[in-house]
Structure formats: C-alpha cells, structure tokens
Amino acid sequence: MRRAGLGEGVPPGNYGNYGYANSGYSACEEENEKLTESLRSKVTAIKSLSIEIGHEVKNQNKLLAEMDSQFDSTTGFLGLCPT
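Below or above, wherever it landed, is the structure these notes cover.

Cut-off values and rules
- Going along each chain's sequence as written, the residues are numbered from 1 onward.
- Side-chain atom pairs in this predicted model are given and counted only at pLDDT of 80 or more, local residue features only at pLDDT of at least 70, and totals for whole chains, interfaces and linings cover all residues.
- Calculation of side-chain values draws on the structure's entire complement of heavy atoms; hydrogens and water are dropped beforehand.
- Strands here mean DSSP runs of E at least two residues long; helices mean DSSP runs of H or I at least four residues long; both are numbered from the N terminus.
- Surface exposure here means Shrake-Rupley accessible area, sampled with a 1.4 Å probe, where a residue is shielded only by the protein chains that are shown.
- Salt bridges are identified by distance alone: a Lys or Arg side-chain nitrogen within 4 Å of an Asp or Glu carboxyl oxygen.
- For the exposure calls, accessible area comes from a 1.4 Å probe over protein chains only, and a residue counts as buried if that area is under 20% of its type's maximum, exposed if over 50%, partly exposed in between.
- Nonpolar side chains (Val, Leu, Ile, Met, Phe, Trp, Tyr) within 5 Å and like charges within 9 Å form the patches, drawn only from residues with over 30% relative accessible area and no salt bridge.

### What about the overall build of the protein?
Then, in step 1: Within the protein, the secondary structure is distributed over 1 helix and 0 strands.
Then, in step 2: Element-wise, carbon and sulfur atoms account for 60% of the exposed surface of the protein, whose accessible area totals about 7200 Å².

Following this line, the structure appears as structure tokens:
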C-alpha cells in the first residue's frame with residue numbers, strides 16, 4: 001500500500017506525524033507488506049484445506065450411501081429367510 005504525500009512538506013523537527021516526518025511511513029509500509037503477505041499465505045493454506053475437506057466429505061458421503069444400500073439389501077435378504 002502506497003501512502004503518497006504523507007510526511008512531505010513537514011519542516012524538520014516537526015513530528016506531528018508521530019516521528020515519521022519526511023519518511024513517508026516507509027517503516028509502516030514495510031510492516032504492512034509483510035503482514036499482508038503473511039495473511040495471503042494463510043488464506044491460501046485455508047482455501048486449500050477447505051477444498052480438500054470438501055473432497056473428503058464427498059467421498060465419505062459416497063461410501064455412506066453405498067453402505068446404506070448394502071444394509072438395505074441385507075435387511076431384505078434376511079427378511080426372506082425362514083425362522
């Protein structure tokens with residue numbers, strides 16, 4: 001993020017901008033860039049994880065549906081057996 005114009009035109013020794021006169025807040029910009037990149041990588045990791053979880057849920061639902069079908073056919077088969 002670029003903050004154009006901050007600190008420009010401030011006379012030396014005037015620290016109304018919290019000690020960043022004439023610096024253009026470069027220290028803050030660097031910190032913001034580092035934090036932004038860190039956040040970006042975390043969001044990317046969370047996105048990948050959520051996609052993987054979605055795939056796993058679909059696979060598990062498929063397996064559960066197959067099991068349900070097999071239980072239903074087994075129940076039907078057992079119902080036909082003489083006691």
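### Describing the pattern of salt bridges
Then, in step 1: For the structure on display, the rule yields 1 salt bridge.
Then, in step 2: Residues Glu37 and Arg40 are paired through a salt bridge, measuring 2.8 Å at the closest nitrogen-oxygen approach. Of the two residues, Glu37 and Arg40 both sit in helix H1 (residues 26-80), 3 residues apart, roughly one turn of that helix.
Then, in step 3: Residue Arg40 is classed as partly exposed on the basis of its relative accessible area of 47%.

### Examining a nonpolar patch on the surface
Then, in step 1: Residues Leu49, Ile53 and Val57 make up a contiguous nonpolar surface patch of about 270 Å² in total accessible area.
Then, in step 2: Structurally, Val57 is set in helix H1.

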